[in-house]
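Residue-level listing of the chains:
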Amino acid sequence: DDVVSGLLVEGSPSDIYISSFVLPVFDELTFITWALGRRIVHCSASDNAASECNRAVSEYRAEIATIASPAELIGYLKNQNIGGFYPIWVRYLCYLREGRFEEAFHYLED
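So, here's what we can say about the structure. Per chain, residues are indexed from 1 in the order of the written sequence. In view of the model being predicted, local features appear only for residues whose pLDDT reaches at least 70, and side-chain atom pairs are presented and counted only at 80 or more, with totals across whole chains, interfaces and linings using the full set of residues. Processing note: side-chain calculations cover all non-hydrogen atoms of the structure and skip hydrogens and water entirely.

Once that is clear, we can look at helix H2 (residues 70–79). Those residues of H2 that fall on the buried side of the exposure criterion are Pro70, Leu73, Ile74, Tyr76 and Leu77. Buried residues of H2, viewed axially, fall in a sector of 160°; they line one side. Exposed side chains of H2 directed beyond 90 degrees from the buried face belong to Lys78 and Asn79. Working rule for contacts: check all heavy atoms of both residues, and any pair within 4.5 Å makes them a contact. Helix and strand labels come from DSSP, where a helix needs a run of H or I of at least four residues and a strand needs a run of E of at least two; each type is numbered from the N terminus. Lining the buried residues of H2 we find strand S1 (3–11), strand S2 (16–24), helix H1 (49–63) and helix H3 (85–97). Downstream of H2 by a residue or two, asparagine 81 has a phi angle that is positive, lying close to 55°. Here the term buried applies to any residue with accessible area under 20% of the maximum for its type, exposed to any over 50%, and partly exposed to those in between, with areas from a 1.4 Å probe on protein chains only. In this description, one arc is meant: the one made by directions from the helix axis to the C-beta atoms.

Shown next as structure tokens:
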């Protein structure tokens with residue numbers, strides 16, 4: 001109940017991508033960001049769309065779909081070595097949510 005995730009299809013006139021996203025629900029964002037996910041497939045006009053979608057779903061299931069708690073989200077960010085401002089904020093929020101205040105405090109300076 002604390003984490004939402006899924007796949008995004010990003011389209012532009014020249015390219016289509018399938019990307020993953022994962023977000024803590026308790027951050028109460030009004031938008032989806034893929035700062036914690038990644039582009040999985042750069043779709044090609046010559047490849048089979050079904051195989052590209054299957055690849056995206058398989059990678060999503062293997063990497064993100066099982067993340068359901070703040071602790072699992074922290075572990076995912078660490079294992080994937082995801083950096084940047086928003087991931088720092090998410091670590092801070094997750095530690096607070098878990099009641100791990102000393103670890104949360106560490107991220108205040110970041």
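A separate point is the side chain of glutamate 52. Positionally, glutamate 52 belongs in helix H1. No salt bridge forms around the buried glutamate 52; measuring N to O, its nearest opposite-charge neighbour arginine 55 is 6.4 Å away. With residues up to four places along the chain from it excluded, the contact list for glutamate 52 reads Ile18, Val41, His42, Cys43, Ser44 and Asp47. Under the convention used here, Asp and Glu are negative, Lys and Arg are positive, and both His and the chain ends fall outside the count. Salt bridges are defined as contacts in which a side-chain nitrogen from Lys or Arg sits within 4 Å of a carboxyl oxygen from Asp or Glu.

Moving on to the pattern of salt bridges. With the rule as written, the count across this model stands at six salt bridges. With its nearest N and O atoms 3.3 Å apart, the salt bridge here joins glutamate 59 to arginine 55. With glutamate 59 and arginine 55 both in helix H1 and four residues apart, this pair spans about one turn of that helix. Using a relative accessible area of 23% as the deciding quantity, one classes glutamate 59 as partly exposed.

With that settled, the discussion passes to the sheet that holds S1. As summarised here, the arrangement of the three strands in space is S1-S2-S3, forming an open sheet in which the pairing is antiparallel. Whereas interior strands pair on both sides, the edge strands pair on one side only; in this sheet they are S1 and strand S3 (39–42). Sheet twist, expressed as the mean angle between neighbouring strand axes with direction ignored, is 15°. When S2 meets S3, the two strands line up antiparallel, connected through three bridges. Within S3, the residue paired with tyrosine 17 across the bridge is histidine 42. Here a strand pair is declared whenever DSSP counts at least two bridges between the two strands. The angle between two axes is taken between their N-to-C directions and runs from 0 to 180 degrees, where each axis is a line fitted to C-alpha atoms and a helix contributes only its stretch in contact.

A separate point is the nonpolar core. Within the largest apolar cluster, 23 residues are counted, with the highest numbers of intra-cluster contacts made by Val22, Leu36, Ile67, Leu73, Tyr76, Leu77 and Val90. Contributions of two or more residues to this core are made by S1, S2, H2 and H3. For valine 22, the residues in contact, after removing those within four places along its chain, are Val3, Val4, Ser5, Leu36, Ile64, Ile67, Leu73 and Tyr76. Nonpolar cores were defined as sets of buried Ala, Val, Leu, Ile, Met, Phe, Trp, Tyr and Cys residues, with membership established by side-chain atoms within 4.5 Å.

Attention now goes to the pairing of S1. Judged from the nine bridges that link them, S1 and S2 form a sheet pairing that is antiparallel. The residue bridging serine 5 from the neighbouring strand is valine 22, located in S2. Hairpin connection, S1 to S2: the antiparallel pair is bridged by four residues.

In this section: the environment of leucine 29. Here leucine 29 is to be found in the loop between S2 and S3. Taking the C-alpha atoms as reference, leucine 29 lies 19 Å from isoleucine 64; in sequence the two are 35 residues apart. When residues no more than four places from it in sequence are discounted, the contact partners of leucine 29 are Leu23 and Tyr86.

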